[in-house]
Amino acid sequence: QVQLVQSGGGLVQAGGSLRLSCAASGNIFRLNSMGWYRQGPGNQRKLVAFITSGGITNYTDSVKGRFTISRDNAKNTVYLQMNSLKPEDTDVYYCQLSWGFRPVYTYWGQGTQVTVSS
């Protein structure tokens, strides 16, 4: 069974920084993608950034140049360094782990609140 445990997040003023972490455990296929999503009330979950086990990254346009995703494959842990935070970054952030193709196996963290005050 795969489990993702998130840490980090909280309240910060605009312009500040936060770091999110997500540690995965269990029977994990070594070729995988780990990512961060965000979700606000009544909204769909949206991709923020992802990183493959080979180190390929992708970011949504609104966070490019401000957020950095990284991972430690030995620890099955993904990080999201969030700098120059804006009030519109406020949301619940979820980490995701996925692998495979038909079927795709997808697992989620418990979510963590990020609140940026103006």
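Heads up: the structure comes first, above all this text.
Summarised in this report is the structure supplied together with it. Here the structure is a predicted model, which means the values were calculated and not measured. (Residues numbered from 1 in each chain as written. Predicted model: local features only at pLDDT ≥ 70, side-chain atom pairs only at ≥ 80, totals over all residues. Heavy atoms only, no water.)

Considerations on the side chain of Arg38
Step number 1: As for its position among the elements, Arg38 is in strand E4 (residues 33–39).
Step number 2: Exposure remark for Arg38: the relative accessible area of 11% places this residue in the buried category.
Step number 3: A polar atom in the side chain of Arg38 sits 2.6 Å from the backbone oxygen of Glu88.
Step number 4: At 2.8 Å, the side chain of Arg38 and the side chain of Asp91 are in polar contact.
Step number 5: Contact partners of Arg38, with chain neighbours within four places excluded, come to Gln44, Arg45, Lys46, Val48, Glu88, Asp89, Thr90, Asp91, Val92 and Tyr93. (Helix = DSSP H or I, 4+ residues; strand = E, 2+ residues; numbered from the N terminus. Buried < 20%, exposed > 50% of the residue type's maximum accessible area, 1.4 Å probe, protein only. Polar contact = N/O pair within 3.5 Å; in protein donor to acceptor, adjacent residues only side chain to side chain. Contact = heavy atoms within 4.5 Å.)

Side note on the nonpolar core
Step number 1: Of all hydrophobic cores here, the largest spans 27 residues; its most connected members are Trp36, Leu80 and Met82.
Step number 2: At the level of secondary structure, the elements contributing two or more residues to this core comprise strand E3 (18–25), E4, strand E5 (46–52), strand E7 (67–72), strand E8 (77–82), strand E9 (91–99) and strand E11 (112–117). (Core = buried A, V, L, I, M, F, W, Y, C linked by side-chain atoms within 4.5 Å.)

Notes on the state of the cysteines
Step number 1: Here the structure, examined in full by the defined rule, presents 1 disulfide.
Step number 2: The disulfide partner of Cys22 is Cys95, and the S-S distance across this bridge is 2.0 Å. An S-S torsion of about 50 degrees defines the bridge between Cys22 and Cys95 as right-handed. Highlighted residues: Cys22 in strand E3 and Cys95 in strand E9, separated in sequence by 73 residues. Across the pair, exposure class does not vary: Cys22 and Cys95 are buried alike. (Disulfide = S-S within 2.5 Å.)

Some words on the pattern of salt bridges
Step number 1: Applying the stated criterion to the full structure yields 3 salt bridges.
Step number 2: Its salt-bridge partner being Asp91, residue Arg38 comes within 2.8 Å of it at the nearest N-O pair. Taken as a pair, Arg38 in strand E4 and Asp91 in strand E9 lie far apart in primary sequence, 53 residues in all.
Step number 3: In this structure, the salt-bridge partner of Lys64 is Asp61, at a minimum N-O distance of 2.9 Å. (Salt bridge = Lys/Arg side-chain N within 4 Å of Asp/Glu carboxyl O.)

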